[in-house]
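# Summary of structural features
The primary structure of each chain is shown beneath.
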6 protein chains.
Amino acid sequence: MIINNETRANILIDSLPYIQKYNGKIVVVKYGGNAMTDEKLKQAVMSDIVLLTLVGIKIVLVHGGGPEINDMLKRIGKKSEFINGLRYTDEETVDVVQMVLAGKVNKDLVSLLHRNKGKALGLCGLDGNMIVCEQLDKSFGFVGEIKKINSDIINNTLDNGYIPVISTVGTDEKGQVYNINADTAAARIAAELGAENLILMTDIKGLLENKDDETTLIKSVGVSEVPYLKKQGIIQGGMIPKIDCCVEAVRRGVKKSIIIDGRIPHSILIELFTSEGAGTMIS
Amino acid sequence: MIINNETRANILIDSLPYIQKYNGKIVVVKYGGNAMTDEKLKQAVMSDIVLLTLVGIKIVLVHGGGPEINDMLKRIGKKSEFINGLRYTDEETVDVVQMVLAGKVNKDLVSLLHRNKGKALGLCGLDGNMIVCEQLDKSFGFVGEIKKINSDIINNTLDNGYIPVISTVGTDEKGQVYNINADTAAARIAAELGAENLILMTDIKGLLENKDDETTLIKSVGVSEVPYLKKQGIIQGGMIPKIDCCVEAVRRGVKKSIIIDGRIPHSILIELFTSEGAGTMIS
Amino acid sequence: MIINNETRANILIDSLPYIQKYNGKIVVVKYGGNAMTDEKLKQAVMSDIVLLTLVGIKIVLVHGGGPEINDMLKRIGKKSEFINGLRYTDEETVDVVQMVLAGKVNKDLVSLLHRNKGKALGLCGLDGNMIVCEQLDKSFGFVGEIKKINSDIINNTLDNGYIPVISTVGTDEKGQVYNINADTAAARIAAELGAENLILMTDIKGLLENKDDETTLIKSVGVSEVPYLKKQGIIQGGMIPKIDCCVEAVRRGVKKSIIIDGRIPHSILIELFTSEGAGTMIS
Amino acid sequence: MIINNETRANILIDSLPYIQKYNGKIVVVKYGGNAMTDEKLKQAVMSDIVLLTLVGIKIVLVHGGGPEINDMLKRIGKKSEFINGLRYTDEETVDVVQMVLAGKVNKDLVSLLHRNKGKALGLCGLDGNMIVCEQLDKSFGFVGEIKKINSDIINNTLDNGYIPVISTVGTDEKGQVYNINADTAAARIAAELGAENLILMTDIKGLLENKDDETTLIKSVGVSEVPYLKKQGIIQGGMIPKIDCCVEAVRRGVKKSIIIDGRIPHSILIELFTSEGAGTMIS
Amino acid sequence: MIINNETRANILIDSLPYIQKYNGKIVVVKYGGNAMTDEKLKQAVMSDIVLLTLVGIKIVLVHGGGPEINDMLKRIGKKSEFINGLRYTDEETVDVVQMVLAGKVNKDLVSLLHRNKGKALGLCGLDGNMIVCEQLDKSFGFVGEIKKINSDIINNTLDNGYIPVISTVGTDEKGQVYNINADTAAARIAAELGAENLILMTDIKGLLENKDDETTLIKSVGVSEVPYLKKQGIIQGGMIPKIDCCVEAVRRGVKKSIIIDGRIPHSILIELFTSEGAGTMIS
Amino acid sequence: MIINNETRANILIDSLPYIQKYNGKIVVVKYGGNAMTDEKLKQAVMSDIVLLTLVGIKIVLVHGGGPEINDMLKRIGKKSEFINGLRYTDEETVDVVQMVLAGKVNKDLVSLLHRNKGKALGLCGLDGNMIVCEQLDKSFGFVGEIKKINSDIINNTLDNGYIPVISTVGTDEKGQVYNINADTAAARIAAELGAENLILMTDIKGLLENKDDETTLIKSVGVSEVPYLKKQGIIQGGMIPKIDCCVEAVRRGVKKSIIIDGRIPHSILIELFTSEGAGTMIS
């Protein structure tokens, strides 16, 4: 489709009220899934983030990295084990998690943002003692439950003009490292920063009335409707912890949590800069 | 034409390198002609300016107001006289010019920017002793030639987060008010502020190789080519003072001066945010 | 009278406690009447204001401009109409009011302050959306009632070291311009700025016990005495709205409101810098 | 003489150009002689200084204290000895000098300025290592010659809004204390601070053409004329070191040095705020 | 004893938790007794203070000077009189007190700190109107009771990077000077500054269970135990006012007051940087 | 050895001139060898760094991690290859290097500093585009040669009060990651930051006259003596690149480079805080 300059200008102008709305606000993006593995989608996310930063929105990028962790564990001949959907994390595994997330995935994202003329700084929960946690349950090994977020280092990073890119490992008071669920960490960080929005990128359309029919997308859910929707079985399976994170963030003061479809290019931009948005909003 | 969200996002992303280029820079826009009388064009200019401000570009708006002055002079029963294209300005006329420009045109623009959620402040050359001038030539009456621009008040306005909207009347040391050509004033202000660009909005396509054929637009002219183009008669008539302003600004340190076609909606945005630009650039 | 240097020095020293008292404080002066039309009085006011600014008092100058408006209306062949002392303001009139106040009277004062080595900036209620109003009553046309004062732009102006000179036109949310009574606007601005004093310059001696005898000046009135004085007929006629403005300002937190006699040269200085003051104080 | 309010106001207005001239500038006053012993004169100096501070002039007060030192020496049964007009200063004497100047004279002035609603801080050359000196000549004992002025502590005092009151004792690198001539110290401090004026208060009218005739006051002397005036015997006796201090200050960058008659009340104010000034100016 | 470098390093490392504890905190030291007269002890105190300042602790030094005052009174042939342990202070005595404390003792300490590469500023209660007092009781003459501490000047001094050295004379509203007990003044200053610690240097071991046996040192006393200890006669004699000062400071918000033995070199450092401390702590 | 408190205090006081010397200065420490693998030495280094930070020295910690890299390569079944002492670095190896250094070694050090009550932030050359490099030589694979150090992010980290801990991987303009020699990177970073000292921790005593006799330590070498010492064979083998780094840093403006023996506990503290120092100094 050839688009002439006047149309281009009109489209830019259409974004004006959204830029005004988010100017100076913090938006925490949990980055993961296809959007992180597909090269084209990845590039789209990077340019979205650089653009949003330039128009005065403070983006905090929290990432996961399951596939890279699995891959590395395989290379050292270790099998990934999962208990109720949570990775069983022994001493050796938590070392690999830290190394892969904070050393590889994180720093590669930082580098990619610089290739897109952004400025970024890679952090993990150990920097500035950012994520303080304790063991969730002995049966999962070194999986952590967040006790406290020290957000100073994130705010300093934003104030210095860098995009904070965050790996979700944390430590307890003795310095033991724990693996932490990235959705949960993103929700807690968003709350601690007083973020405007929490955006969770997933590989689904959003919450569906009928989980087999993408046309039945539920665009907006109130926090108070969640128990009913769970009872109805509409919120079910993998959707439960996602929605719970969203609810947790809203309860702690974040204005809106949104589950968006990371398989669509520029879904973050579409969510923030169009009236329709892109997925299911919890508020 | 229906444009889907992905296309919208791509168009926003296309603007990224331009936003990066102009971020934190000053652009002086001389606003006049049809873009100021046609309501639709006017609205487009206002939203362009608010958008540019939001993405970190410091816009300074310098305006004329010939038609409104003529209209007011007619209402008080005074005929507009012109000598070599310059308005003959007696005591009574210079009063009307000041009143119409600084009191009506200027403040209406300020109000319109606020209606578009911008923040603006209306200045004239008397505020902060901004434009110091003396009489250009007795035969024109109170038409002023600029001696000095005190740009502190403009910089303060930008630093406080307001768009400066400027009427081009000035005073000499005794406080006598003079009418000043808005193109010239815009060029001098741009130079004094160390602006990145000076944009002159006109009612023509730009500089044309053949003045009767809009397809012969000359997109770019070097300062050194100007004398030759004058000799060739390509720069002629009303184009001569416009091009001279552009050259003056570039000579005093402005990176680029551009003559754009104000009859096209969003021509400022098109000029700054597309690779083709919109008119004739002097650099 | 020849005054020797020692006497001069003593007089300067006499002003010391007053300078200490007002140092760093805001004083809003409503400027109008003879003090604005008589050239000698006008010059005295300008030098008073520049002096007060230099000794660390933050003067905000709010002005009217009835005679200039009447004159301009006459020149365009329009008759001034008054209903209950308020100018009936149709569309054409409000345009003239804005033009004359914000473009002529205001900027001429700014220029005059600069001739006296002050630094000034001319504002009207449209700048920075300062005066937000709505229609007072349909029968008066576009006469506005103040809903909100956005004082940021005034504080910025003071912080940048300029004397704010303010024309009292305002807008409603749709951008319709209204004429606003300058006394009322001065009172509201003084309250919003947390001013120390509101000074209303008038063409009378002050509040008189016997309105025909200037020796019966009442020097000080408590806010609570006002209803009684109205009932007694001592506050009557044109004095009623003046006193009401003073009371309104005091009620909203201004320390003192003073009605002074603008026909006396340097009455502002005399009010602020002598023990007797110059007129009637409401506190 | 009864002075009406209008005359008072006119006199205040007359000071306007002088306030504008000195606003934000540093003026170093060497305080001594009758102005320091006569209670009425003393009070006049204090109120002058507080007033000047309030109108934005940064006063630095350097004081002597010969009579108080003599008095104290007498009380401990020690005779004051002078060699070529300089006090012979043995170990015991320098102790008394330090004690009397920095402990008594200095702090009493600080207290007096506070009684006049000023804010002051008493310093001596030992504070912040302000005056670094070495022995002038063994024959005078502990009389110091200035090697370096560390003016940071004075600038900090001014920036914090206090009037610095300075006693002129200094130390060498080993911490030995020296008595330092107050005129000389004032001149060097003025130079180091980049002061606008150095004012030396004395008990004479100024430099006289005929030393026995006060009507022959020389109002202004150029630095280059000084050698000739010395040769002529017009600059002679105690006037020589005073004029030399003035010349030294001007040579090191102070705009004007002035010798004023401290016997006249408010002579500082008269010097700074009238066109005639009060004494002899060296520039 | 020869100490190798590794041992030295270990000792430095041992101080780490103490430096962390006091970093950025204010500690007020009342300096007096042997530590002020013995040259070796004096030098140890000076280097302690400079070191503590360098590691980020804000030391405020409050000093007495009894012996120097007695000595000076003797030299002018005046006998020191004491009533209930308080010096009877007539007009002449208070003059000497001010002179000796603020002019000699104070400035000599300032100079000594500079010799140790510290930066210091000598203040007394007259500077910045710091200590406001009134007469304690006519029978003692000009002995003052503190009414108010204006701590701005102390905070400014700390912020500018200087060690404040304070003589404890004060004034009443009329400017009459009073002699003030240094322990009391230190306690009030500590309270006003929100100090972490108040340290009183004395010539005793601390509070002793048996006053004749230094091995019976009481290391820590709670504020609530004080009345009982007084009743038991354990707190008795000269210890009573010292302990009262400590209690007063703690009651007004100081974390801990400590009475230390100034006869031991580096007792301040030992108190702050070892686990045992050095004396009796009241908290 | 039992050390009494007075001796402790004296040792603290001995450090005073060194603290004064380095206060506010930057010291870059290249951390490696035994000091990084031996737990006791490691703990000593961490406490040294936290102490130095607390006394106002700005430590920048640059680390290597050869053993951990070798270990990881072994776990994924890859053999470490070295060409002329440089690791041959293929695509897979550079990935492991980045992951182990930036993800594991770096963040573990950050965590350990926090356990010691320090505040730290882990950076690598990708953060803020800090280390820009290109391929050194194809034969080594992805081993980089530094082209540019962007030190903004390090300065921001210091200004925010965190100890920067730096892994030495870098990128070229296309984002290809390279392994960079840590000694070289430390030297370049020290130069770019204008550091006072560069300290290289090694597993040798320093430069020895006779390499087999530790008593022949050369304490100080001038940059100009280096060529001669190389010719003499005194600088030889692994010492050559170390000394070259030191020379490079000094040439680029670092005051002193020091090779210290990391096998001695607290060698950094001994180097900075004793007169003997600890190794060989190049200046």
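Residues numbered from 1 in each chain as written. Chains lettered and ligands numbered in written order. Predicted model: local features only at pLDDT ≥ 70, side-chain atom pairs only at ≥ 80, totals over all residues.

## Regarding the overall build of chain A
Worth spelling out the cut-off: By the criteria applied, helices consist of DSSP H or I runs no shorter than four residues and strands consist of E runs no shorter than two, each listed in order from the N terminus. Radius of gyration: C-alpha atoms only; globule rule: 2.2 Å multiplied by the number of residues to the exponent 0.38. Labels follow a simple rule on C-beta atoms placed from the backbone: if 20 or more others lie within 10 Å of a residue's own, it is buried; if 12 or fewer, it is exposed; otherwise it is partly exposed. Contact between two residues is assigned when their C-beta atoms, built from the backbone, lie within 7 Å.
When its secondary structure is counted, chain A shows eleven helices and 14 strands. Relative to the 2.2 N^0.38 estimate, which gives 19 Å for 283 residues, the radius of gyration of chain A is 19 Å and therefore close to what a compact globule would have. Buried residues in chain A amount to 56% of all 283 residues. Long-range contacts, defined here as pairs at least 24 residues apart, represent 71% of the contacts in chain A between residues at least 6 apart.

## A short note on the interface of chain F and chain A
The test is simple: Only Asp, Glu, Lys and Arg are considered charged, only Ala, Val, Leu, Ile, Met, Phe, Trp, Tyr, Cys and Pro nonpolar, and every remaining residue, Gly among them, polar.
Contacts between the two partners involve 30 residues from chain F and, on the opposite side, 30 residues from chain A. Take the side of chain F that touches chain A: its biggest share by element is 14 residues, from helix 6 (residues 91-115) of chain F. Classifying every residue of the side of chain F that touches chain A gives twelve nonpolar, eleven polar and seven charged.

## Considering unusual backbone geometry
One non-glycine residue, Lys 117 of chain C, adopts positive backbone phi at about 65 degrees. Position of Lys 117 of chain C relative to the elements: it lies in the loop between helix 6 (91-115) and strand 5 (120-124). Residue classification places Lys 117 of chain C among the exposed positions, given that 12 C-beta atoms sit within 10 Å. You will see that Asn 129 of chain F, though not glycine, has its phi angle at about 50 degrees, which is positive.

## Side note on the relation of the copies chain F and chain A
Quick reminder of the rule: Superposition of the copies was done by least squares, using only C-alpha atoms of residues whose pLDDT is at least 70 in both.
Least-squares fitting of chain F to chain A yields an RMSD of 0.0 Å, with the superposition described by an axial translation of 0.0 Å and a rotation of 180 degrees. Here the copies are linked by what is in effect a two-fold axis. Taking the C-alpha atom as reference, chain F places Gly 103 of chain F closest to the rotation axis, 1.7 Å from it. Of the interface residues in chain F, 100% have counterparts in chain A that sit at the interface too, so the contact is made through matching surfaces.

## A few points about the nonpolar core
The condition is simple: Buried Ala, Val, Leu, Ile, Met, Phe, Trp, Tyr and Cys residues whose C-beta atoms connect them within 7 Å together make up a nonpolar core.
If you look at the biggest cluster of nonpolar residues, it comprises 596 residues, and the most contacted ones within it are Val 28 of chain A, Val 28 of chain B, Val 28 of chain C, Val 28 of chain D, Val 28 of chain E together with Val 28 of chain F. Beyond its immediate sequence surroundings of up to four residues, Val 28 of chain F is in contact with Val 60, Val 62, Ala 186, Ile 189, Ala 190, Leu 193, Ala 195 and Leu 198 of chain F.

## Here's the deal with the interface of chain F and chain E
Taken together, the contacts link 28 residues of chain F with 28 residues of chain E. Those elements giving two or more residues to the side of chain F that touches chain E turn out to be helix 1 (5-14), helix 2 (16-22), helix 4 (39-54) and helix 11 (267-273) of chain F. No other element matches the eight residues that helix 1 of chain F contributes to the side of chain F that touches chain E. Of the residues belonging to the side of chain F that touches chain E, the class tally is 16 nonpolar, nine polar and three charged.

## Examining the sheet that holds strand 12 (residues 220-221) of chain E
Strand pairs in the sheet, formed through backbone hydrogen bonds, run parallel or antiparallel to each other. Residues and elements named next belong to chain E. What counts, and what does not: The rule for pairing is simple: two strands pair if DSSP sees at least two bridges between them. Orientation is described by axes fitted as lines to C-alpha atoms, over the contacting stretch for helices, and by angles from 0 to 180 degrees between their N-to-C directions.
The eight strands are arranged 5-8-2-1-11-13-14-12 in an open sheet whose pairing can be described as mixed. The open sheet has two free edges, formed respectively by strand 5 (120-124) and strand 12, since each of these has just one partner strand. Inspection of the sheet shows strand 2 (residues 58-63) paired to strand 8 (residues 163-167) by three bridges, in the parallel sense. Paired with Leu 61 across the strands is Val 165, a residue of strand 8. In the packing of helix 10 (residues 239-251) onto the sheet, the strands contacted are strand 11 (197-202), strand 13 (256-261) and strand 14 (279-282), and the crossing angle to strand 11 comes to about 170 degrees.

## Topic: the pairing of strand 11 (residues 197-202) of chain A
Residue and element names in this part refer to chain A. Counting buried positions along strand 11 yields six of six residues, so the element is predominantly enclosed. Of the two faces of strand 11, the one lined by Asn 197, Ile 199 and Met 201 and the one lined by Leu 198, Leu 200 and Thr 202 are each fully buried. Relative to strand 11, strand 1 (residues 26-31) runs parallel, the two being bridged by four bridges. Counted as the bridge partner of Val 27 is Asn 197 from strand 11. As judged from the six bridges shared by strand 11 and strand 13 (residues 256-261), these two strands associate in the parallel manner.

## Regarding the relation of the copies chain F and chain E
With an RMSD of 0.0 Å, the fit of chain F onto chain E corresponds to turning through 180 degrees and sliding 0.0 Å along the axis. By residue overlap, the copies meet face to face through one surface: 100% of the interface positions of chain F are interface positions in chain E.

## Brief notes about the environment of Glu 214 of chain B
Note that Glu 214 of chain B resides in the loop between strand 11 (197-202) and strand 12 (220-221). Along the chain, Glu 214 of chain B and Arg 87 of chain B lie 127 residues apart, while their C-alpha atoms are 29 Å from each other.

## Some points on the arrangement of the chains
In this view chain B stays clear of chain F, with the nearest C-alpha atoms of the two still 17 Å from each other. At the C-alpha level, the nearest point of chain D lies 17 Å from chain F, with no contact between them.

## Brief notes about the environment of Lys 79 of chain A
Residues and elements named next belong to chain A. Along the polypeptide, Lys 79 turns up in the loop between helix 5 (66-75) and strand 3 (82-83). Owing to 9 C-beta atoms within 10 Å, Lys 79 belongs among the exposed residues under this scheme. Sequence-wise, Lys 79 and Val 177 are 98 residues apart; in three dimensions their C-alpha atoms are separated by 20 Å.

## Quick notes on the pairing of strand 2 (residues 58-63) of chain A
Residue and element names in this part refer to chain A. Counting buried residues in strand 2 gives six out of six residues, a clear majority hidden from the surface. Residues Lys 58, Val 60 and Val 62 line one face of strand 2 and the alternating positions Ile 59, Leu 61 and His 63 line the opposite face, and both faces are buried. Note: strand 1 against strand 2, six bridges, orientation parallel. Note on strand 2: the bridge partner recorded for Val 27 is Ile 59.

## Some words on the confidence of the model for chain A
Our working definition: Scored from 0 to 100, pLDDT reflects the predictor's confidence in each residue.
On average, residues of chain A score 94 in pLDDT, and 100% of them are at 70 or above. In the predicted complex, the global pTM is 0.92; the interface-specific ipTM is 0.95.

## Re the packing of helix 8 (residues 182-193) of chain E against helix 10 of chain E
Residue and element names in this part refer to chain E. Our working definition: Should an angle fall under 35 degrees it is called roughly parallel, over 145 degrees roughly antiparallel, and 65 to 115 degrees roughly perpendicular, with every other angle called oblique.
Where helix 8 meets helix 10, the closest approach of the two axes is 9 Å, and the angle between their N-to-C directions is 10 degrees. By the angle between their directions, the pair helix 8 and helix 10 is classed as roughly parallel. Contacts between helix 8 and helix 10 involve Asp 183, Thr 184, Ala 187, Ala 190 and Ala 191 from the former and Pro 241, Lys 242, Cys 245, Glu 248 and Ala 249 from the latter. Its residues assigned to classes, the contact of helix 8 with helix 10 comprises six nonpolar, one polar and three charged.

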